[in-house]
Amino acid sequence: MTIDNYNFKNKKAIVRVDFNVPLDENGNITDDTRIRGALPTLKKILADDGSLIIMSHMGKPKGKINPKMSLKQIVPAVAKALGTDVEFAPDAADASEAAAALKPGQVLLLENLRFHPEEEGKPVGIDKADPAYEAAKKEMKEKQKEFAKKLASYADVYVNDAFGTAHRKHASTAVVADYFDADNKMLGYLMEKEVTAVDNILSNIKRPFTAIMGGSKVSTKIGIIENLMDKVDNLILCGGMTYTFAKAKGGNVGNSICETDKLDLALDIMRKAQEKGVNLVLGTDCVAADDFSNDANTKVCSVMDIPEGWEGLDAGPETRKLFADTIRGSKTILWNGPAGVFEFDNFTAGSRAIADAIVEATANGAFSLVGGGDSVACVNKFGLADKVSYVSTGGGALLEAIEGKVLPGIAAIKG
Ligand code: AMP
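Every value quoted in this text rests on a predicted model; they were computed, and no experiment measured them.

Cut-offs applied
- All residue numbers here refer to positions counted from 1 along the written sequence of the relevant chain.
- The model is predicted, so local features are restricted to residues of pLDDT at least 70 and side-chain atom pairs to those at 80 or more, both for listing and for counting; the totals for chains, interfaces and linings are taken over all residues.
- Side-chain figures throughout are based on the complete set of non-hydrogen atoms in the structure, without hydrogens or water.
- The aromatic pairing rule takes the rings of Phe, Tyr and Trp, using the six-membered ring of Trp, and pairs them if the centres are within 6.5 Å, calling planes under 30 degrees apart stacked, those over 60 edge-to-face and the rest tilted.
- Working definition: with a 1.4 Å probe on protein chains only, accessible area under 20% of the residue-type maximum means buried, over 50% means exposed, and in between means partly exposed.
- Under the scheme used here, helices are H or I runs from DSSP no shorter than 4 residues and strands are E runs no shorter than 2 residues, and both carry numbers assigned from the N terminus.
- We call a residue near a given molecule or strand whenever any one of its heavy atoms falls within 4 Å of it.
- Identification of polar contacts relies on pairs of N or O atoms within 3.5 Å, with a donor-acceptor requirement for protein atoms, meaning one able to donate a hydrogen and the other able to accept it, and with residues adjacent in sequence counted only if both atoms are side-chain atoms.
- Each reported salt bridge corresponds to a side-chain nitrogen of Lys or Arg within 4 Å of a carboxyl oxygen of Asp or Glu.
- The span expected for a helix works out to 1.5 Å for each residue beyond the first.
- Throughout, the bend at a residue refers to the angle made by two axes, fitted to the seven residues ending there and to the seven starting there.
- Contacts are residue-level and defined by heavy atoms, with any inter-residue pair within 4.5 Å sufficient.
- Among the buried residues, those of types Ala, Val, Leu, Ile, Met, Phe, Trp, Tyr and Cys that are joined through side-chain atoms within 4.5 Å form a nonpolar core.

Colleague: Would you mind going over the packing of aromatic side chains with me for this structure?
Modeller: Any aromatic ring pair is given by two values, namely how distant the centres are and how the planes are angled relative to each other. Across all of its chains, the model carries 4 aromatic pairs by this definition. Judged by centre distance (4.7 Å) and plane angle (55 degrees), the ring pair of Tyr6 and Phe8 falls under tilted. On the basis of relative accessibility, which here comes to 6%, the residue Tyr6 falls in the buried class. Between Phe292 and Phe344, the ring centres sit 5.2 Å apart and the planes meet at 65 degrees, which makes this aromatic pair edge-to-face. One end of the pair, Phe292, is in the loop between β10 (285-289) and β11 (298-302); the other, Phe344, is in the loop between β13 (332-336) and α11 (349-363), and 52 residues separate them in sequence. The exposure class of Phe292 is partly exposed, given its relative accessible area of 46%. An aromatic cluster is defined as three or more aromatic residues linked by ring pairs; in this entry it consists of Phe292, Phe344 and Phe347.

Right, here's the structure in full:
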């Protein structure tokens, strides 16, 4: 079933969205991209004269109630975005009455699903090494099914529009779908758009295809890096990873972030790239700082020769040119992860050079996909989000989809 073909008139729809929006210390939303992203789906249901039960997680409360992560804080913003009142159910597992009372056009927002450990389905307060862990896990999986069944009982139809959590097999993202037949479960518009963007990258690759992977560590990106080596022509590895590679090649990286237990892995990646004929592009120079702060003293130096007490926090000018030249000549571009500590204004130049080159390539006909919280924050910070082909709401989900993994949230609906 597709959302376009479904008539929600007089139906109660439970919709999983990703309203995990960033809040400031006063609980004000600092970026409402995720709320805006879900609006087409939510508005379609209301326009059809259906009623809406919206569910989401916020943050990582680890199965416990935490007022700082309460979705109650965002009720006014959701009401404003939808242009209608929004009721709030303070316990996602105890909302039967509120859901039953909904009339067509009315909206109910459930409290943070992750206040219940059943949402993630992982046992809490027990270590993986504990002999009782397996039994606790099994018990929790049963409780997860009960929780999912409860959520399903509120509605006639289930819509999943939360791409950001589609790689998780949680109660609200996957298990709940088991309680709806194929005609009454579907992906939302945002989810459909994300799936199409990934399909575009994977099935319709115009070459050269350049992937830019940044961020802090090699270890968290290794799966996608290895997988991308079978697909891309150019692989730019930047950000904190740079220094693990430099060290593996025998360089001195000073205080730079460096995974000393991943040096063999770095050498292995370099060898594999050569075997597969992938142009692996690594930074040659960096902007080093004498402190991890925006106001630190800086100097440009080779990534192979960073003085003691200094750390590479951004790509240097030679590297920025190298990255930009590679990107400008590309026809398909995937960017995940910043090239420096972009949160500090003085260390954004590397990420900015990448973003500018992507914008230029896109204007010249390339398809560009930017995904992952930090790279999206970069393009937003630079005001360039509307100048790339597609900005994904997914980080981990996007990378797993590009790795070719079947996302549980999508499989639960499409089979
Ligand atoms: P990740 O969560 O692995 O995607 O990494 C994102 C983080 O990497 C951002 O918060 C950046 O500040 C950080 N990062 C990027 N480059 C560096 C660097 N050279 N040193 C330390 N952290 C970095």
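So much for the structure itself; the text now carries on.
Colleague: Honestly, the site of the ligand in this entry has me stumped. Any pointers?
Modeller: The immediate surroundings of the ligand are formed by 13 residues, with Ser216, Lys221, Gly312, Glu343 and Asp374 found nearest. For the ligand, an oxygen atom lies 3.0 Å from a polar atom in the side chain of Ser216.

Colleague: Any chance you could explain the pattern of salt bridges here in plain terms?
Modeller: Any two side chains of opposite charge can pair, on the condition that their charged atoms come close. Following the criterion strictly, the structure yields 20 salt bridges and no others. For Arg207, the salt bridge identified is with Asp233, shortest N-O distance 3.0 Å. You can see Arg207 sitting in the loop between α6 (189-203) and β7 (209-213) and its partner Asp233 sitting in the loop between α7 (222-228) and β8 (234-237), a full 26 residues away along the chain. Residue Arg207 is classed as partly exposed on the basis of its relative accessible area of 44%. Among the residues examined, Asp233 registers a relative accessible area of 25% and is labelled partly exposed. Close ionic contact of Glu403 with Lys405 constitutes a salt bridge, the shortest N to O distance being 3.7 Å. Because the salt bridges share partners, they merge into one network encompassing Glu226, Asp268, Arg271 and Lys272.

Colleague: What is the right way to read helix α1 (residues 33-47) from this model?
Modeller: Here α1 is 15 residues long and its end C-alpha atoms lie 22 Å apart, about the 21 Å a rise of 1.5 Å per residue gives. Residue Leu39 marks the point of greatest curvature in α1, where the axis turns by about 45 degrees; the proline Pro40 follows within four residues. By the burial criterion, the buried members of α1 are Ile35, Ala38, Leu39, Thr41, Leu42, Lys44, Ile45 and Leu46. On its buried face, α1 sits against β1 (12-16), β2 (51-55), α2 (75-82), β4 (107-110), β5 (157-160) and α6. Remark: Asp49 follows α1 within two positions and exhibits a positive phi of approximately 75 degrees.

Colleague: Where do I start with the nonpolar core in this structure?
Modeller: Looking at soluble globular proteins, one finds that nonpolar side chains tend to be buried together. The biggest cluster of nonpolar side chains holds 68 residues, and the ones touching the most others in it are Ile14, Leu110, Leu235 and Leu237. For this core, the element with the most residues is α6, which contributes 6 residues. Judged by nonpolar contacts, the second largest core, of 30 residues, contains Ala13, Phe19, Leu71 and Val107.

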